[in-house]
Amino acid sequence: MRRWRPLLFALGLALTLALALHVTDFALTLWQRLSEASPLFLTLYGLLIALVAWLVLRLMRPRRPVAAAAPPPPDAPQIDRQLEAALQAGLPVERYRAELAELERRRAGGRVIVACFGEVSAGKSSLIRALLPGAEVVVSPVGGSTRTIVHHVWTSPAGDELVLADVPGLNEADGTLDAEAEGEAVRAHAVIYVTGGDLARAELAALDRLLSLGKPLLVALNKADRYTGAELALVQARIRERLAGRAELVAVSAGGTEEVLRIGADGSETRIERERPADVHALGVALQRTLDADAGALESLRDAAVFTLIGRELDAALAAERAARAETVVETYARKAVFGALAAVGPGTDVLIQGWLGMQMLKELSAVYGVPAQEIDLKRFLDLASRHVGRRMNLLLALAGNVLKAFPGVGTVLGGALHAIAYGLIFESLGHAAARSLASRGALVPGVAVHLFEDALGEHLETRARRLAALVVGRARSAEPGRDADRSDA
């Protein structure tokens, strides 16, 4: 092969040279013909070449993944349907009814409500006083909490009423919003977030949560008078970078007092406090612009936020209730599988597929999640699970034998105990996989559910086997001959 390399190299070089000459000849011929063409033809030809090049580049450009459109917020009829479903499931709905009543009360009041958040050191309350001088203060205690929400009610010269809600902002521990604070933000038309400098991680987390409510949000950078011009520009640029255009930023000064050092004519030094002038004009302008943009849109955004919060909580409560009911169903059928194996005529009786229990458990789980039970899907899932069990049965039986060693003196009275424990593990895993598929997909998808079954079959296997072994031993011992007589003698 090595002796052929010079020949192959020479052949490749000759082909390359021939191709270069052919392309050169073609290019020169084309250039000659184009030089003889009319200007109109040259223009059309150039446009055609540009169009082809643009199409090629567009086809070769990697496509950006299209983000899935966010689902529309729920409306009043949808919330009513969710409340009805929660009632049928036996869930308490009084709190949600009260929230809807509060929304209706605020609608009737006709006041524009703005929730104001911020950390203790940010000067939130001072900013509100500077923004609404002479406002009436109304303290609203939050039920079940020692924290309060203070409403500042202000009437404009035109007679319009504005309410600024001074809301407890960040929890001290992790920077998240507590339920009462988030609820007030949900009920408001707009939100102001006050910060004293660059946004910390906890403030960013709270802002992300507030922005997710989908309503106008203003970020007020307070204490702007304490920065030099260059420093203020730097801080503002940093905050705007973090906000990424999701909220408007304004620089303000809430005023207050400051301590200064006064030097007398004799050189003596005296520390005194003096008032710092407030400058909240920019915030007032931004707030007025936000509120004047579209009153109807503000109402719609506020209603949508309330409905979204209620819908989210109802979904979570219903999911938790269904999960609890599904767990009860799985536990019931796992016990039935255990006792069925103990009562089987011979060990190895196929309780999972040949028996009736597997199908009944899947039907009951489908009913828990309100999904029509498709016989073909149930049978397909059981068939796929059965094949996987066949490969794992020896391992399950060996595990059952090991955990039974923790119960000395059981002897041979247990009969089909090994199979009973194995079937209990299988039914638990089968039920948990079906419930997860029904909860996440809204259907029992056999291909997905069998992968969930494989995962569930390996979860906390030894702990579950010990619990089932205790059930098996207790049941078997209670059925021993003379056991009742011994108890009566005792």
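Bear in mind the structure is a predicted one, so any value in this text is a computation, not a measurement.

## Focus on empty space enclosed by the protein
So, point 1. The tally for this structure, following the rule as stated, stands at one cavity of 30 Å³ or more.
So, point 2. Its boundaries defined by the atoms lining it, the largest cavity holds a volume of some 30 Å³.
So, point 3. Along the walls of the largest cavity sit Gln-82, Ala-86, Leu-314, Asp-315 and Leu-318, which together make up its complete lining.
So, point 4. Top contributing element to the lining of the largest cavity by residue count: helix α10 (residues 295–342), with three residues.
So, point 5. Of the residues assigned to the lining of the largest cavity, the class counts are three nonpolar, one polar and one charged.

## Describing helix α3 (residues 76–88)
So, point 1. For α3, built from 13 residues, the straight-helix expectation of 18 Å at 1.5 Å per residue is met to within 8% by its first-to-last C-alpha distance of 18 Å.
So, point 2. Among the residues of α3, those classed as buried are Ile-79, Gln-82, Leu-83 and Ala-86. For α3, the angular spread of the buried residues around the axis is 100°, confining them to a single face. Facing away from the buried side of α3 by over 90 degrees, the exposed positions are Arg-81 and Gln-88.
So, point 3. The backbone nitrogen of Gln-78 has a side-chain oxygen 3.0 Å away, supplied by the residue at the start of α3, namely Asp-75.
So, point 4. Trailing α3 by a residue or two, Gly-90 shows a phi angle of about 80°, which is positive.

## Focus on the packing of aromatic side chains
So, point 1. Evaluation of the coordinates by the stated rule reveals zero aromatic pairs.
So, point 2. Lying across the ring of Tyr-333, Lys-336 places its NZ or CZ 4.5 Å from the centre.

## Some points on the nonpolar core
So, point 1. Judged by nonpolar contacts, the single largest core of 54 residues is most densely connected at Leu-365, Phe-381, Ile-421, Leu-425, Leu-444 and Phe-453.
So, point 2. The residues touching Phe-381, leaving out its near neighbours within four places in the chain, are Leu-362, Leu-430, Ala-433, Ala-434, Leu-444, Pro-446, Ala-449, Val-450 and Phe-453.
So, point 3. Membership of the second largest hydrophobic core comes to 46 residues, among which are Val-186, Leu-210, Leu-211 and Ile-239.

## Description of the pairing of strand β1 (residues 112–118)
So, point 1. In terms of residue burial, β1 counts as a mostly covered element, since six of its seven residues are buried.
So, point 2. Note: β1 against strand β5 (residues 190–195), five bridges, orientation parallel. Paired with Ala-115 across the strands is Val-191, a residue of β5.

## A few points about the confidence of the model for the protein
So, point 1. On average, the protein scores 77 in pLDDT, and the residues at 70 or more come to 81%.
So, point 2. Of the regions scoring below 50 in pLDDT, residues 484–490 engages in one contact with residues more than four places distant in sequence or in other chains.

## Examining the side chain of Glu-184
So, point 1. Within the element layout of this structure, Glu-184 appears in helix α6 (residues 179–187).
So, point 2. Separated by 3.1 Å, the side chains of Glu-184 and His-151 make a polar contact.

## Some words on the packing of helix α13 (residues 417–441) against helix α14 (residues 446–456)
So, point 1. As a packed pair, α13 and α14 sit with axes 8 Å apart at the nearest point and diverge in direction by 135°. In this view, α13 runs oblique relative to α14, as classed from their interaxial angle. α14 is crossed by α13, and the crossing has right-handed handedness. The residues of α14 that touch α13, namely those facing Ile-426, Ser-429, Leu-430, Ala-433, Arg-436, Ser-437 and Arg-441, are Val-448, Ala-449, Leu-452, Phe-453 and Ala-456.
So, point 2. For the contact of α13 with α14, a count of residues per class yields eight nonpolar, two polar and two charged.

## Concerning the pattern of salt bridges
So, point 1. All chains considered together, the criterion is met by 16 salt bridges.
So, point 2. Here Arg-238 makes a salt bridge to Asp-198, at a shortest N to O gap of 3.6 Å. One end of the pair, Arg-238, is in helix α8 (residues 229–243); the other, Asp-198, is in the loop between β5 and α7 (201–211), and 40 residues separate them in sequence.
So, point 3. Classification of Arg-238 as partly exposed rests on a relative accessible area of 33%.
So, point 4. For Asp-198, a relative accessible area of 36% corresponds to the partly exposed category.

## Brief notes about α7
So, point 1. Buried within α7 are the following residues: Glu-203, Leu-204, Ala-206, Leu-207, Leu-210 and Leu-211. Burial along α7 is one-sided: seen end-on, the buried residues are contained in an arc of 165°.
So, point 2. Elements that come into contact with the buried residues of α7 comprise β1, α6, β5, β6 (217–221) and α8.

What counts, and where the lines are drawn
Residues numbered from 1 in each chain as written. Predicted model: local features only at pLDDT ≥ 70, side-chain atom pairs only at ≥ 80, totals over all residues. Heavy atoms only, no water. 1 Å grid on protein atoms, 1.4 Å probe; cavity = no way out; pocket = protein on both sides within 12 Å on 5 of 7 lines; lining within 4 Å. Points joined across faces, edges and corners; volume = space filled by probe spheres on them. Helix = DSSP H or I, 4+ residues; strand = E, 2+ residues; numbered from the N terminus. Nonpolar A, V, L, I, M, F, W, Y, C, P; charged D, E, K, R; others polar. Expected span 1.5 Å × (residues − 1). Buried < 20%, exposed > 50% of the residue type's maximum accessible area, 1.4 Å probe, protein only. Arc of directions from axis to C-beta. Polar contact = N/O pair within 3.5 Å; in protein donor to acceptor, adjacent residues only side chain to side chain. Phe/Tyr/Trp six-rings, centres within 6.5 Å; stacked < 30°, edge-to-face > 60°. Lys NZ or Arg CZ within 6 Å of the ring centre and 35° of its normal. Core = buried A, V, L, I, M, F, W, Y, C linked by side-chain atoms within 4.5 Å. Contact = heavy atoms within 4.5 Å. Pairing = 2+ DSSP bridges. pLDDT = per-residue confidence, 0-100. Axes fitted to C-alpha atoms, helices over the stretch in contact; angles between N-to-C directions. Parallel < 35°, antiparallel > 145°, perpendicular 65-115°, else oblique. Left-handed = near helix turned anticlockwise from the far one by under 90°. Salt bridge = Lys/Arg side-chain N within 4 Å of Asp/Glu carboxyl O.

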